[in-house]
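# Architecture at a glance
Each chain, letter by letter, is given below.
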Amino acid sequence: MEKRLFIKGNEALARGAIKAGCRYYFGYPITPQNDIPEFLSKEFAKVEGCFIQAESEVASINMLLGAAAAGARAMTSSSSPGISLMQEGISYLAGSELPAVIVNISRSGPGLGGISASQGDYFQATRGGGHGDYRTIVLAPDSVQEMHDLAMLAFDLADKYRNPAILLGDAILGQMQETMADKPYQSLPLPPKDWILTGPSGRPPRLVKSLYLKDGEMERQNWRLFEKYGRMKKEEPRFETTPDPDSELTVVAFGSAARVAKSAVRMARAEGMKVGFFRPITLFPFPEEALLRISQRVKRFLVVEMNTGQMVEDVKLAVARDAEVTFYGHPPGSPPVPEELLEEIKKAIL
Amino acid sequence: MKQVFKRPQSLKDAAFHFCPGCHHGTIHRLVAEALDQFHLRERTIGVAGVGCSVFLYEYFDIDVAEAPHGRAPAVATGLKRVLPDRIVFTYQGDGDLAAIGMSEIVHTANRGENITVIFVNNTVYGMTGGQMAPTTLLGQQTTTSPYGRDFHQDGYPIRMAEMLATLEGVAFSARVALNTPANLQKAKKAVKQAFEMQMNDMGFTIVELLSACPTNWGLTPKKSIERIEKELIPYFPLGVFKERKGTNHL
């Protein structure tokens, strides 16, 4: 059995990244994710990794682009305002089909916002975020264990699809300390990196680009990307659900809101209410098939988010037409408490 | 018969799309000759900036990455850190390097990244149609300074080669021009030296090349060459502003 560690989410994530072979990190300080660069700047020295504290998030994401083009497993981390600055680079990564991991230990906004946990970046993460018609893989951990495990998975999925992958945590997940199993990294089957830039020694020159000017080229590239996102939708949706065939209501939440929601669902069941629970782990691809299946039996859904309503739109698009979706939002400041959600469950189920 | 002139191996057999009298073609050739001389082609990665120089990959027979506008030095940093034994250069215009990319160029230079920057200064945004650049001269009319650049409104043209020379991380910083055969020879020497210093792990090297843009200057190629001598060189003096002799940074 693996060793168990009692550590912070940010450190768990950084440990996962190192295990997955990440040896290049570029980042700029911002709360509440500073434990990640601090940990990596120390640990990379032991594994011959390269750590650069960049002059800005704009520089970080472009260093990441260069390292990815050279074939390295590389990552950056930041928090919401810094992730906004990276959107140009993320769009270029997606357009140039480069694998890279971007960690958003999100905080509240808009603007300078605050440093408390928020889920206000759901749209930004799942809709592309930057310019152009693209998607990023988005993984949403709900525990220190998943910060670690999904960090490893993010590198594999990025490589599998040659696409940027975002790990969307928040201030709570980054800062809280829990026990976790120190699981080893096990790679998915991955395609060879036969496209990386190394200098054209004994082969024709290679090119990493996203500019398409010739007639029809851009349209073909967009359809090609669309087809790739389709494969992701087919193969990669991940979710956690508590099966309850008799349930009258399913509570849907992701990330730290899901932790609270799960407690509330447990309390509701203890009181005899028939309530199910559903947590998307991949926010893109969104597990819409699984939700649709549930909605063929259960007609009522309560979506809980730490914002004023973002994922709820995806839930509405996913469920059967005759399903009823209600929303409970708890914008940033303090997180919701289980008792508060229990009241919402009672209202939704009556 | 003895062959006395040929296309450098590092260039593809492709016709340049550049306008008549534009110096990009000459600069491409200078870079390619330097790569040829040191047998670097097979281990070189170029980073294309945004602007007329974005089509680097159409002409150079090397690996190329396209960078977002201004970000080429950051992209080159990522590439070089992963592949320290390869040759990495950026090729950037004045809008790309001295306006939107000012932060990246300064900090990349300051870190002493072991890359070479080919900086084409033609005092104007070329590809977008001749707008004012950070290097546009005072009084120079462009499509966004139709009454001539006025320092009250737009500040002064930036002298990048001198500015970067003040940074400890910089190993070599020079400004050259291509307006006369003598200047062309000096330009060739500077470009070669920059790549040679990168081969020797000397740190950050930059060559600023004063370049003609007849189309956006509204001048003939010949008048453009004359303008470089009369207007550009007096404000942007030629020379080597920094030349580190050893690999020790200080």
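Residues numbered from 1 in each chain as written. Chains lettered and ligands numbered in written order. Predicted model: local features only at pLDDT ≥ 70, side-chain atom pairs only at ≥ 80, totals over all residues.

## Describing the overall build of chain B
Scanning chain B from terminus to terminus reveals ten helices and nine strands. For 250 residues, the compact-globule estimate of 2.2 N^0.38 gives 18 Å, and chain B sits close to it at 17 Å. By principal-axis analysis of the C-alpha atoms, chain B measures approximately 50 × 50 × 30 Å. Looking at chain B alone, contacts between residues at least 24 apart form 67% of all its contacts between residues at least 6 apart. (Helix = DSSP H or I, 4+ residues; strand = E, 2+ residues; numbered from the N terminus. Rg over C-alpha atoms; globule rule 2.2 N^0.38 Å. Contact = placed C-beta atoms within 7 Å.)

## Side note on the overall build of chain A
Broken down by element type, chain A carries 13 helices and 15 strands. Computed over its C-alpha atoms, the radius of gyration of chain A comes to 20 Å, within 12% of the 20 Å expected for a compact globule of 350 residues. The dimensions of chain A, computed from C-alpha atoms along their principal axes, are 70 × 50 × 45 Å. Taking all 350 residues of chain A together, the buried fraction comes to 54%. A fraction of 81% describes how many contacts in chain A between residues 6 or more apart in sequence connect residues 24 or more apart. (Buried ≥ 20, exposed ≤ 12 C-beta atoms within 10 Å, placed from the backbone.)

## A closer look at the interface of chain A and chain B
Between chain A and chain B, the contact holds 32 residues from the first and 28 residues from the second. At the level of secondary structure, the elements contributing two or more residues to the side of chain A that touches chain B comprise α3 (57–69), α5 (87–95) and β9 (207–208) of chain A. At nine residues, α3(A) tops the list of elements feeding residues into the side of chain A that touches chain B. Classifying every residue of the side of chain A that touches chain B gives 18 nonpolar, ten polar and four charged. (Nonpolar A, V, L, I, M, F, W, Y, C, P; charged D, E, K, R; others polar.)

## Focus on the sheet that holds strand β12 (residues 275–280) of chain A
All names here are of chain A. With mixed pairing, five strands are arranged side by side in an open sheet as β10-β12-β11-β14-β15. This sheet does not close on itself; its edge strands, each paired only once, are β10 (239–242) and β15 (324–329). If you compare each strand with its neighbour and ignore which way they point, the axes differ by 20° on average. Where β10 meets β12, four bridges bridge the pair, whose relative direction is antiparallel. Paired with threonine 242 across the two strands is phenylalanine 277, which belongs to β12. Lying over the sheet, helix α13 (residues 338–349) contacts β11 (249–252), β12, β14 (300–305) and β15, oriented at roughly 155° with respect to β14. (Pairing = 2+ DSSP bridges. Axes fitted to C-alpha atoms, helices over the stretch in contact; angles between N-to-C directions.)

## Topic: the environment of Ala258(A)
Residue and element names in this part refer to chain A. Relative to the elements of secondary structure, alanine 258 occurs in helix α10 (residues 255–270). On the neighbour-count criterion, alanine 258 (25 C-beta atoms within 10 Å) is buried. For the pair formed by alanine 258 and aspartate 142, sequence separation is 116 residues and the distance between their alpha carbons is 6.9 Å. Dropping the residues within four chain positions of it, alanine 258 is found in contact with Asp142, Ala253 and Arg279.

## Quick word on helix α11 (residues 288–295) of chain A
Residues and elements named next belong to chain A. Among the residues of α11, Leu291, Ile294 and Ser295 are the ones counted as buried. All buried residues of α11 fall inside an arc of 100° around its axis, so they share one side. Summarising the contacts, the buried residues of α11 are in contact with β11, β12 and α12 (311–318). (Arc of directions from axis to C-beta.)

## Looking at unusual backbone geometry
Phi is mostly negative for residues that are not glycine, and the peptide bonds are mostly trans. Cis geometry is adopted by the peptide bond preceding Pro32(A), which originates at Thr31(A) and carries an omega value of 10°. Along the chain, Pro32(A) turns up in the loop between β2 (24–27) and α2 (35–43). At Glu97(A), a residue that is not glycine, the phi angle is positive and equals roughly 55°. The topology assignment puts Glu97(A) in the loop between α5 and β5 (100–106). Overall, the presence of 20 C-beta atoms within 10 Å leaves Glu97(A) in the buried class. We note that Asp201(B) has phi near 55°; this positive angle belongs to a residue other than glycine. Take Asp201(B): it is sitting in the loop between α8 (181–199) and β8 (204–210). In this structure Asp201(B) comes out as exposed when scored by C-beta crowding, with 11 C-beta atoms within 10 Å.

## Some remarks on the domain arrangement of chain A
Residues and elements named next belong to chain A. The domain boundaries assigned to chain A delineate domain 1 (4–199 + 222–235) and domain 2 (239–349). In this structure, domain 1 and domain 2 have C-alpha centres spaced 26 Å apart. Contacts between the two partners involve 24 residues from domain 1 and, on the opposite side, 21 residues from domain 2. Among the secondary structure elements, those contributing two or more residues to the side of domain 1 that touches domain 2 are α6 (122–126), β6 (137–139), β7 (164–170), α8 (171–175) and α9 (217–235). No other element matches α6, which puts four residues into the side of domain 1 that touches domain 2. Its residues assigned to classes, the side of domain 1 that touches domain 2 shows twelve nonpolar, eight polar and four charged. (Domains from an automatic or database assignment.)

## Points about the nonpolar core
In terms of nonpolar packing, the biggest core is built from 190 residues, with Leu139(A), Ala154(A), Val251(A), Ala261(A) and Leu79(B) touching the most fellow members. Mapped onto the domain boundaries, this core takes at least three residues apiece from domain 1 (4–199 + 222–235) and domain 2 (239–349) of chain A. Those residues in contact with Ala261(A) that lie beyond four places of it in its chain are Val251(A), Ala253(A), Phe277(A), Val304(A) and Leu341(A). (Core = buried A, V, L, I, M, F, W, Y, C linked by C-beta atoms within 7 Å.)

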